[in-house]
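# Geometric and topological summary
Letter by letter, the chains look like this.
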Amino acid sequence: DVKVTQSSRYLVKRTGEKVFLECVQDMDHENMFWYRQDPGLGLRLIYFSYDVKMKEKGDIPEGYSVSREKKERFSLILESASTNQTSMYLCAALSGTSGRGYQETQYFGPGTRLLVL
Amino acid sequence: GNSVTQMEGPVTLSEEAFLTINCTYTATGYPSLFWYVQYPGEGLQLLLKATKADDKGSNKGFEATYRKETTSFHLEKGSVQVSDSAVYFCALSATGNKLTFGTGTQLKVEL
C-alpha cells in the first residue's frame, strides 16, 4: 500500500521562526507537491518537484522555499513564519513514469496543521 | 487559466438520501477530472476519476460522468451513509501533472 508521511500532525511556532515541514514517500515517485488548505479556498499549490534537486513554483510560493535532496523526501521551509501562514499543509506524491501524470492519482499525506503565534 | 467551481456546503442529508454535489470546470485542452475525499482528521484520498469525455468514474457507490459539453463532473450517490460524512473536492489536471482544486463541499449525513 502506498504511503506518504509527514513529520508532524500539529505544530505551534512563533512569528519569525524558521519552520521545516518534512514529507516522505515510499512509492519511488518522481513528482512531489506541497499544498496548503484553507477554509473556503480549497487546496492551493505552493511548490512542486518533478525530480531530485528540481523544483518549480506553484500558485502561492511567496514566503516558502523547498528542498529535495533525495527522491523520497520533500521539505517545505517557512523562512520566517508569519501568522498568515497558519494553515493545514498537505504533501502529495505522483508517479511520472507513464508520461501521463495528468491522468494519474496523487497520494496525499495526513497533513500538518501549523499554528503561528 | 484552469479553474474548478463546486457547490458550497455544508450539505446535510438524512441517511439513505440521494446525494448530488455539483462541479463545473474551465480548462484548456483535455483535462482529467477527479473527486477526492477528506475524512475528518485525515489527508485526501482519491474517490474516483475520469480521464476523457463521457467516461464514468465510480467507487464505493459514488459515480461521476465527465460531460465535456457542459464542462461538468457532478458527484452522485444513490443512498448515503453516516460514514460518508466528509469533505469532497473536485479537481482537474490538464498539464504539468498539477491539480487544480475546487473549494470543497462538506457533507454531513445524519441518522
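Above this text you will find the structure in question.
Residues numbered from 1 in each chain as written. Chains lettered and ligands numbered in written order. Predicted model: local features only at pLDDT ≥ 70, side-chain atom pairs only at ≥ 80, totals over all residues. Heavy atoms only, no water.

### Observations concerning the overall build of chain A
Put simply, the rule reads: The way it works is that DSSP assigns letters per residue, a run of H or I at least four long becomes a helix, a run of E at least two long becomes a strand, and they are numbered from the N terminus. Only protein chains enter the calculation, and the probe is 1.4 Å; a residue is then buried if its accessible area is under 20% of its type maximum, exposed if over 50%, and partly exposed in between. Should any heavy atoms of two residues lie within 4.5 Å, those residues are considered in contact. Using a 1.4 Å probe, the Shrake-Rupley method yields the accessible areas, and only the shown protein chains count as cover for residues.
Counting its regular elements, chain A contains zero helices and 11 strands. In sequence order, chain A lays out its α and β elements as β-β-β-β-β-β-β-β-β-β-β. Its C-alpha atoms put chain A at 45 × 30 × 25 Å along the principal axes. Scored against the burial criterion, the 117 residues of chain A give a buried share of 50%. In chain A, the share of contacts with a sequence separation of at least 24, taken over all contacts with a separation of at least 6, comes to 57%. Looking at chain A as shown, the accessible area adds up to about 5,700 Å², and 48% of this sits on carbon and sulfur atoms.

### Here's the deal with unusual backbone geometry
Residues and elements named next belong to chain B. Across the junction of Gly 9 and Pro 10, the peptide omega takes the value 0 degrees, indicating a cis bond. Structurally, Pro 10 can be placed in the loop between strand E1 (3-6) and strand E2 (11-14). Even without being a glycine, Thr 71 presents a positive backbone phi close to 45 degrees. Its relative accessible area of 30% is what places Thr 71 among the partly exposed residues.

### Here we look at the sheet that holds strand E1 (residues 4-6) of chain A
Residues and elements named next belong to chain A. This is how the line gets drawn: Between any two strands, pairing holds if DSSP finds at least two bridges. In this analysis an axis means a line fitted to C-alpha atoms, helices contributing only their contacting stretch, and an angle means the value between N-to-C directions, from 0 to 180 degrees.
An order of E1-E3-E8-E7 is seen for the four strands of this open sheet, with the pairing classed as antiparallel. Both outer strands of the open sheet, E1 and strand E7 (64-70), are each paired with one neighbouring strand and no more. Strand-to-strand twist across the sheet, computed as the mean angle between neighbouring axes with direction ignored, equals 20 degrees. One ladder, built from six bridges, connects strand E3 (residues 19-25) with strand E8 (residues 73-78); its direction is antiparallel. Bridge pairing in E8 links Leu 21 to Leu 76.

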